[in-house]
Amino acid sequence: MEVSAMEAALPKVKNKGGLRTIPFIISNEIFEKVATFGLHANMILYLTERYRMSSAVATVVLYFWSAISNFLPIFGAVLADAYLGRFRVIALGSVVSLVGMCLLCLTAILPVYKRTPECATRAADCVMVPWQLPLLFVSFVLMSVGSGGIRPCALAFGADQLDKRDNSAKNVRTLQTFFNWYYTVLGLSIVVASTVIVYIQQARGWVVGFAVPVVLMVTALTLLLVGSPFYLKADADRSVLVGLVQVLVASYKNRHEPLPPETADASSFHNRAGCKPRTPTSKLRYLNRACVLRSQGKELSFGGEAPDPWRLCTVQQVEDAKAAIRVLPIWSTGIMPGVIIGQQMFPVLQANTMERRVGKFEIPAASFGVFTIVTLTVWVAVYDRVLVRPLSRLTGRARGLTLRQRMGAGLALFAVAMAVAAHTERARRAAAVAEGLRDFGPHSGRTVRMSAMRLVPQHCLTGLAEALNLIGQIEFYYSEFPKTMSSIGVSLLALGLGFGGVLGSAIVGVIGAATGKGGRDGWLVSNLNRGHYDYYYLVLAVLCVANLAYFVVCGWAYGEEGQNRVVAADDVDDDTKEEQQQHKAVIS
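Computed from a predicted model, the values in this text were never measured in an experiment. Residue numbers run consecutively from 1 along every chain, following the written order of its sequence. pLDDT decides what is reported in this predicted model: residues at 70 or higher carry local features, side-chain atom pairs at 80 or more are listed and counted, and totals for whole chains, interfaces and linings draw on all residues regardless. The basis for every side-chain value is the complete set of heavy atoms in the structure, and neither hydrogens nor water enter the calculation.

Draft legend 1. Local environment of a positive patch on the surface. Patch construction takes residues with relative accessible area above 30% that form no salt bridge. Like charges are linked within 9 Å, and nonpolar side chains (Val, Leu, Ile, Met, Phe, Trp, Tyr) are linked within 5 Å. Accessibility throughout is a Shrake-Rupley quantity obtained with a 1.4 Å probe, and a residue counts as covered only by protein chains that appear here. Salt bridge, as used here, is a side-chain nitrogen of Lys or Arg placed within 4 Å of a carboxyl oxygen of Asp or Glu. Residues counted as positive are Lys and Arg, residues counted as negative are Asp and Glu, and His and the chain ends are not counted. For the purpose of locating charges, the reference atoms are NZ of Lys, CZ of Arg, CG of Asp and CD of Glu. Together, Lys-16, Arg-20, Arg-88 and Lys-233 make up a region of like positive charge exposed at the surface. A helix here means a DSSP run of H or I that spans at least four residues, while a strand means a run of E at least two residues long, and both kinds are numbered starting from the N terminus. Positionally, Lys-233 belongs in the loop between helix H9 (206-226) and helix H10 (239-253).

Printed below as a string of structure tokens:
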């Protein structure tokens, strides 16, 4: 059976990898995520209060920051898989992110406005220090670049320590458990970031609130480096990316050549020398032209290699290219969740206008997002520990529900969450108008006599949707992508969220321009009581429903999951027997 380049790249060292490496990797993730999300959660208030940006401008800035942070992981993944390796890219990304956090802390230390007599008497006459905004944006960019190295590699790097690189039921369950508990720990980290770090920022000020993440990031980097001697580190292999391009070029060059009949045996196709022959799959059959042998004596060298790899590729290369191309339609359905997740600064603004006091304690507006993460964490734990076994007995699948079933359920819940958010905002706005607060903006200090706990249902629905869809996407890409491109596969989630951030920014811009013509109050004005954020949520709900219908079509066209790995014919029976035995052990 032909092995992939990544399997060859992983060193066969018995005292490397395994469970003992996971505490280092997970601990690094905990501190890194607490530091990162502790800065993100409250940033909308930092921009509107310290820099006096309008809600719409601050939202667009954060949308673009989120988009850049989600676009860059694809480049970090390519850098890791093709050039430096995952460990080096994670370490380098951690250093760059740390520098960005230090600069952000510096923006809180240094004054934003020039100290003039006019500024002391009237805030509107204050003039901003010219280097403050560039320093702020440079810090954003550096943190995005750093996360671009960490996010696509951390999960894949942890999976490398446990992955046996086969399709057995035992390996599937091991990886699913790792993914689920990885996100459980990640969720708990975000809970801490959304509560403790946000509280420090609100109670102790921005300087202390930004200094704490710097210390946490230093700790994360230290833990990563301490575990270095124990990690299983795959060597970078750029041939997989080159091979993907070679398949596309070769199939185009051979576009006029006839394809062998579907009954043709393996002798009609080019297989790597020394490997058991096999035939390519019938899906995306056009690409099979890249591996068809026309005249074996002329096309292959004495060692069985193709003299021109840009005209003749191996079956393995063709199947790897097919796997990467086939996931793209389903990947595109992950853009809309990026829009929903990217607009979570709006609920912060809503909470800031509502009653947030519980007893003597006032909950920070940015901390209501913790309900999203708590729901995600609880669902992951319950699904993995309680629901998987009975669902496995019912469905006959090691995972319980298929990955696409989980992804589809998540997309449906995103639509429900936006509908609930629209209903809640309509009630909040009606109460504000009834109390005579229509003209009182966010800086007036006046709040609606309505508990901010009314926002909890939409947060919980969003958390459940993320648990089903986002974790399902990660597992789907990792399982369906060639192992040679694990980091790139994992980075597809972030890439989809990045496009979602851009689309979300465009939606906000279009709605703001279309509804604010002629001096009218638009839907998304800074004063929520004069706007119509409920209409905005309804637009998102409709778009989510359309995206769900598109996902159903894409899922039907994709076919069965787990069919991307090419298995030699002689090994099929042995692998099937082993999988059946292990599957029985999983569900018993």
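Having put the structure on the table, let's press on.
Draft legend 2. The arrangement of the nonpolar core in detail. By size, the foremost hydrophobic cluster in this structure holds 134 residues, and its most contacted members are Met-43, Tyr-46, Leu-47, Leu-104, Phe-210 and Tyr-536. Ranked by the residues each element gives to this core, the list is headed by helix H17 (residues 403-434), at 12 residues. Only heavy atoms enter the contact rule, under which two residues are in contact if any of them lie within 4.5 Å. Once residues lying within four places of it in the same chain are set aside, the contact partners of Leu-104 are Leu-39, Met-43, Tyr-46, Leu-136, Ser-139, Phe-140, Met-143 and Phe-210. We define the nonpolar core as a collection of buried residues of types Ala, Val, Leu, Ile, Met, Phe, Trp, Tyr and Cys that are connected through side-chain atoms lying within 4.5 Å of one another. Only protein chains enter the accessibility calculation, which uses a 1.4 Å probe; a residue is then buried when its area is under 20% of its type maximum, exposed when over 50%, and partly exposed in between. Counting residues in hydrophobic clusters, the runner-up holds 12 residues, among them Ala-250, Phe-269, Leu-287 and Cys-291.

Draft legend 3. Main features of the confidence of the model for the protein chain. On average, residues of the protein chain carry a pLDDT of 80, and 85% of them reach 70 or more. By definition, pLDDT measures how confident the predictor is in each residue, and it falls between 0 and 100. Per-element confidence in the protein chain is highest for helix H20 (residues 533-558), whose mean pLDDT is 93, and lowest for helix H21 (residues 569-587), whose mean pLDDT is 41. Taken as a whole, residues 1-10 scores under 50 in pLDDT and shows 32 contacts with residues more than four places along the chain or in a different chain. For the stretch residues 565-588, pLDDT sits under 50, and the model shows 34 contacts to residues farther than four places along the chain or on other chains.

Draft legend 4. Representation of unusual backbone geometry. One non-glycine residue, Arg-52, lies in the positive phi region at around 55 degrees. Looking at the element boundaries, Arg-52 is found in the loop between helix H3 (43-50) and helix H4 (55-84). The backbone phi angle of Leu-284 is positive, close to 50 degrees, even though this residue is not glycine. When you line up the elements, Leu-284 lands in the loop between H10 and helix H11 (296-299). You can call Leu-284 partly exposed: its relative accessible area is 38%.

Draft legend 5. Fine view of the packing of aromatic side chains. By convention, a stacked pair of Phe, Tyr or Trp rings (six-membered ring in the case of Trp) has centres within 6.5 Å and planes under 30 degrees apart, an edge-to-face pair has planes over 60 apart, and any other such pair is tilted. Applying the stated criterion to the full structure yields 20 aromatic pairs. Ring centres of Tyr-46 and Trp-206 lie 4.9 Å apart, and the angle between their planes is 65 degrees; this geometry places the pair in the edge-to-face category. A residue pair is termed long-range when its members are at least 10 positions apart, and Tyr-46 in helix H3 and Trp-206 in helix H9 qualify at 160 residues. Lying over the aromatic face of Tyr-252, Arg-255 brings its terminal NZ or CZ to 4.0 Å of the ring centre. Geometrically, a charge over a ring is one whose NZ (Lys) or CZ (Arg) sits within 6 Å of the ring centre while staying within 35 degrees of the ring normal. Of note, Arg-326 hangs over the ring of Tyr-558, and the distance from its end group to the ring centre comes to 4.0 Å.

Draft legend 6. How the structure looks around the pairing of strand E4 (residues 448-451). Of the two faces of E4, the one lined by Val-448 and Met-450 is fully buried and the one lined by Arg-449 and Ser-451 carries no buried residue. Any two strands are treated as partners once DSSP identifies two or more bridges connecting them. Pairing of strand E1 (residues 354-355) with E4 involves 2 bridges; the strand directions are parallel. Bridge assignment links Glu-355 to a residue of E4, and that residue is Ser-451.

Draft legend 7. Examining the pattern of salt bridges more closely. The tally for this structure, following the rule as stated, stands at 7 salt bridges. Here Arg-406 and Glu-475 are joined by a salt bridge, their closest N and O atoms 2.9 Å apart. One end of the pair, Arg-406, is in helix H17; the other, Glu-475, is in helix H18 (residues 456-480), and 69 residues separate them in sequence. Residue Glu-475 is classed as buried on the basis of its relative accessible area, which comes to 1%. Residues participating in the shared-partner salt-bridge network are Arg-356, Arg-357 and Glu-362.

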